[in-house]
Amino acid sequence: MSRSTSGGARSGRRAVVLGRTPAGRMPRFGGAAVLLCAPFALLLLGTVLAPVAYALYLSLFTERLSGLGFSGPSRAFVALGNYADVVTDPDFLHGVGNVALYAVVQVPLMLGGALVVALLIDSAVARLKQVWLLAVFLPYAVPGVIAGLIWGYLYSPDIGPISAVAPIDPLGANGILPSVVNIATWQWMGYNMIIFYTALRTVPRELLEAARVDGAGPMRTALSVKLPSIRPTLFVGLVFTIIGALQLFTEPLVLQSFTGAVTSTWTPSLYVYDSAFVAGDYGRAAAASVLLGLVSAVLSAVVMRISARRSR
Amino acid sequence: MSASTTVNATSAVGGPPGRSGRRGGREPSPWTSRTVVHAMLGIAALYSVLPLVWLVTSSTKSLGDFSTTSAFEFADWNLPANLRALFSEADGVFLAWARNSVLYAGVGAVLGALICTACGYAVAKLDFPGRRTLFAVTLTGVLVPTTALALPLYLMASEFRLVDTFWAVFLPLLTNPFGVYLARVYAEAAVPDEVLEAARIDGSGELKTFFRVALPMMRPGFVTIILFQFVQIWNNFFLPLVMLTDPRLFPLSLGLYQWSTRVSQFPQYNPLVITGSLLAVFPIIVAFLVLQRQWRSGLTAGSVK
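Residues numbered from 1 in each chain as written. Chains lettered and ligands numbered in written order. Predicted model: local features only at pLDDT ≥ 70, side-chain atom pairs only at ≥ 80, totals over all residues. Heavy atoms only, no water.

K.L.:
Got a minute to help me understand the overall build of chain A in this structure?
P.N.:
The number of helices and strands found in chain A is 14 helices and 2 strands. Long-range contacts, defined as pairs at least 24 residues apart, comprise 64% of the intrachain contacts of chain A with a sequence gap of at least 6. Accessible area of chain A: about 13900 Å², with a carbon and sulfur share of 67%. (Helix = DSSP H or I, 4+ residues; strand = E, 2+ residues; numbered from the N terminus. Contact = heavy atoms within 4.5 Å. Areas by Shrake-Rupley, 256 points an atom, 1.4 Å probe, with all protein chains shown as cover.)

Listed below in structure tokens is the structure:
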């Protein structure tokens, strides 16, 4: 194998010596490039493209028990019937509503908190910057399941201190949404804070100095100079947080061990899981998966387009 | 642009600058005094760290003390007994989970990053038929969220009788389209064409050039991709949850989750879940402390660049 590649390289070397071809910027190295790309291309095909195609296909069919059920289920084409079922299913809509409400609260809260902490650490008076950075970043090291478990215990009456002081039961029907918001905020605030802080460090120091010379106080500098400078980073953080919110799954699932307030279809992702593995309705689960993926993909595409335009 | 206009507008109103940054005319905002800044930072730090402190104190308690003593105080030192119970539960299944996590996330991240870097390098630096198509499809792959893939992956795996195997979790998590995107950026920035041409003139094969010349030049980017992918795999829960039923194949998070579903019926699982969580988090936190610089540059590379 390596012998044939070095042979290919020798012919490539000739191409280099002869100079660049007018058609392509680079000499052609088919063999080596195929070897370098093949593992990823195969993975992409097998674990992304094929599943997407399969989900699209499955979402158009439903399994029906034929006759008396002796011959097992048969697959029947229902066109967009599964999609219609999903978007008219009150359970699904309830999950969408939960996630929408969650996003409306969690996204500004978490990003706002991250931004405030980043600005505080970036401010001229702050000391021990590394200590604050590390302390707030630490929860990012905790996987979602374990974050859910820790907070689940902290919310539990008799074990954690929170239910004693909170105005509403954190594991009750009304308290569960704020509780999930809090877990996600705890987990992701430090991560976003580090990203915002790094962006703040790239604001030209001369600009800040100019603002200071011109008499802007630290608050004014933060709001009028620093914030506009990192607006693109804030926007990227915003869209990624919204996409993360759409996929909300792990934390509510873990909390199910602590409370009955999280239903089995509490978020769209839980709905997919429940449809597939509890109800066994793969067509409906695939349709819900496709819808979920589609909304996330559109949002990601928007953010990629915007950041590509920015870097140009 | 808008920043500089704001500054100019301020300068028209403002007086001469004061040495300390405070200036005559207007009082500095109370929100930016040193005390207030540090008080707010202290609150943020406590919010972030206290739940982990709770995890440490609770790991040292017996089941009885766990529900009777206050959350953040130490009771009788019961950590050794908890650890013994943890490691002996179900024939030491916890150690198997730890090993699996290292395999899925550790080996997966290194191997996955190598695969992505090779592809990203080839897309950036070699001309071959289908190069543009491959990159366009890769970008599409970035858009597909992993949660939406888990169900079709499970159904495909069941067609191929791969459900409940190591590979059903390991292989999908190797795929990291965003890593290819990053690797292409790094290759373009860090590997000059002249160096590659020099290597070719010296008679180095293309694969050898990648491993001996390009990969070392891309090392900071390569490490970044490893770290990204490690966190991604470590945090992925949906895929192992749907793929695996044999506890011997579980990663730590899935195993701890399974134990946690039993605590309401069997309270004796509480110390196991808590001590196990501590052990699962501990190595990552140590890695964060040791690799602080790499983490930070790595995590921010994707978002700020």
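K.L.:
Just checking my understanding: could you explain the interface of chain A and chain B for this structure?
P.N.:
Much of the literature gives interface size as the accessible area that the parts lose upon coming together. Opposite the 112 residues of chain A that make contact, chain B presents 116 residues. Between chain A and chain B, roughly 10200 Å² of surface is buried when both sides are summed, and carbon and sulfur atoms account for 75% of that area. Where chain A packs against chain B, one counts 8 residue pairs in polar contact (both at pLDDT 80 or more). If one sorts the elements of the side of chain A that touches chain B by residue count, helix α2 (residues 30–58) of chain A sits on top with 21 residues. Split by residue class, the side of chain A that touches chain B holds 79 nonpolar, 22 polar and 11 charged. (Buried area = accessible area lost by both parts, 1.4 Å probe. Polar contact = N/O pair within 3.5 Å; in protein donor to acceptor, adjacent residues only side chain to side chain. Nonpolar A, V, L, I, M, F, W, Y, C, P; charged D, E, K, R; others polar.)

K.L.:
Just checking my understanding: could you explain the packing of helix α5 (residues 93–125) of chain B against helix α12 (residues 219–235) of chain B for this structure?
P.N.:
Two quantities define a packed helix pair, namely the angle between the axes and the distance from one axis to the other. All names here are of chain B. The N-to-C vectors of α5 and α12 enclose an angle of 140°; their axes lie 8 Å apart at closest approach. As far as their axial angle goes, α12 and α5 are oblique. Along this stretch, α5 crosses α12, giving a crossing that reads as right-handed. On α12, the residues that touch Ser101, Tyr104, Ala105, Gly106, Gly108, Ala109, Val110, Gly112, Ala113, Leu114, Cys116 and Thr117 of α5 are Phe222, Ile225, Ile226, Gln229, Phe230, Ile233 and Trp234. (Axes fitted to C-alpha atoms, helices over the stretch in contact; angles between N-to-C directions. Parallel < 35°, antiparallel > 145°, perpendicular 65-115°, else oblique. Left-handed = near helix turned anticlockwise from the far one by under 90°.)

K.L.:
What is the right way to read the nonpolar core from this model?
P.N.:
The nonpolar side chains of a soluble globular protein tend to be buried, and buried together. Among the nonpolar cores identified, the biggest contains 174 residues, and Tyr153(A), Met193(A), Leu255(A), Trp54(B), Tyr121(B), Met243(B) and Trp259(B) are the most heavily contacted of them. Not counting chain neighbours up to four residues away, the residues in contact with Leu255(A) comprise Gly148(A), Gly152(A), Tyr155(A), Leu171(A), Ile176(A), Val180(A), Ile183(A) and Val262(A). (Core = buried A, V, L, I, M, F, W, Y, C linked by side-chain atoms within 4.5 Å. Buried < 20%, exposed > 50% of the residue type's maximum accessible area, 1.4 Å probe, protein only.)

K.L.:
Just checking my understanding: could you explain the environment of Ser123(A) for this structure?
P.N.:
When you line up the elements, Ser123(A) lands in the loop between α4 (90–122) and α5 (129–137). Those residues within four positions of Ser123(A) in sequence are excluded, and the remaining contacts are Lys129(A), Lys226(A) and Val37(B). Of the polar contacts made by the side chain of Ser123(A), one reaches the backbone oxygen of Leu120(A); its length is 2.8 Å.

K.L.:
Help me understand the UniProt feature "transmembrane region" (unreviewed entry) in chain A in this model?
P.N.:
Residue and element names in this part refer to chain A. Annotation from UniProt places "transmembrane region" (unreviewed entry) at residues 29–57, 99–121, 133–155, 175–200, 229–249 and 285–306. In this annotation, residues 99–121 is assigned 100% helix and 0% strand; the end-to-end C-alpha distance for the span is 32 Å. Along residues 285–306, the helical share is 100% and the strand share 0%, with 32 Å between the first and last C-alpha atoms. (UniProt positions renumbered as here; feature names shortened; annotations may be inferred.)

K.L.:
What is the right way to look at helix α3 (residues 81–88) of chain A in this model?
P.N.:
Helical geometry: 3.6 residues make up each α-helical turn, so side chains three or four residues apart lie on a common side. By the burial criterion, the buried members of α3(A) are Asn82(A), Tyr83(A) and Val86(A). The buried residues of α3(A) all sit within an arc of 100° when viewed along its axis, so they share a single face. (Arc of directions from axis to C-beta.)

K.L.:
Help me out: how do you make sense of the packing of α5(A) against helix α2 (residues 34–59) of chain B in this one?
P.N.:
Viewed as axis vectors pointing N to C, α5(A) and α2(B) meet at an angle of 35°, and their least axial separation amounts to 7 Å. In this structure, α5(A) meets α2(B) at a crossing whose hand is left-handed. Residues Trp132(A), Ala135(A) and Val136(A) of α5(A) touch α2(B), and the partners they reach there are His38(B), Leu41(B), Gly42(B), Ala44(B), Ala45(B), Ser48(B) and Val49(B). Residues belonging to the contact of α5(A) with α2(B) are distributed by class as follows: 7 nonpolar, 3 polar and no charged.

K.L.:
Would you take a moment to explain the UniProt feature "transmembrane region" (unreviewed entry) in chain B for this structure?
P.N.:
Residues and elements named next belong to chain B. Here, UniProt's "transmembrane region" (unreviewed entry) annotation points to residues 36–56, 102–122, 134–154, 166–183, 222–244 and 272–291. As annotated, residues 36–56 has a helix share of 100% and a strand share of 0%, and its two end C-alpha atoms lie 30 Å apart. Here residues 166–183 runs as 89% helix and 0% strand, with 27 Å between its end C-alpha atoms.

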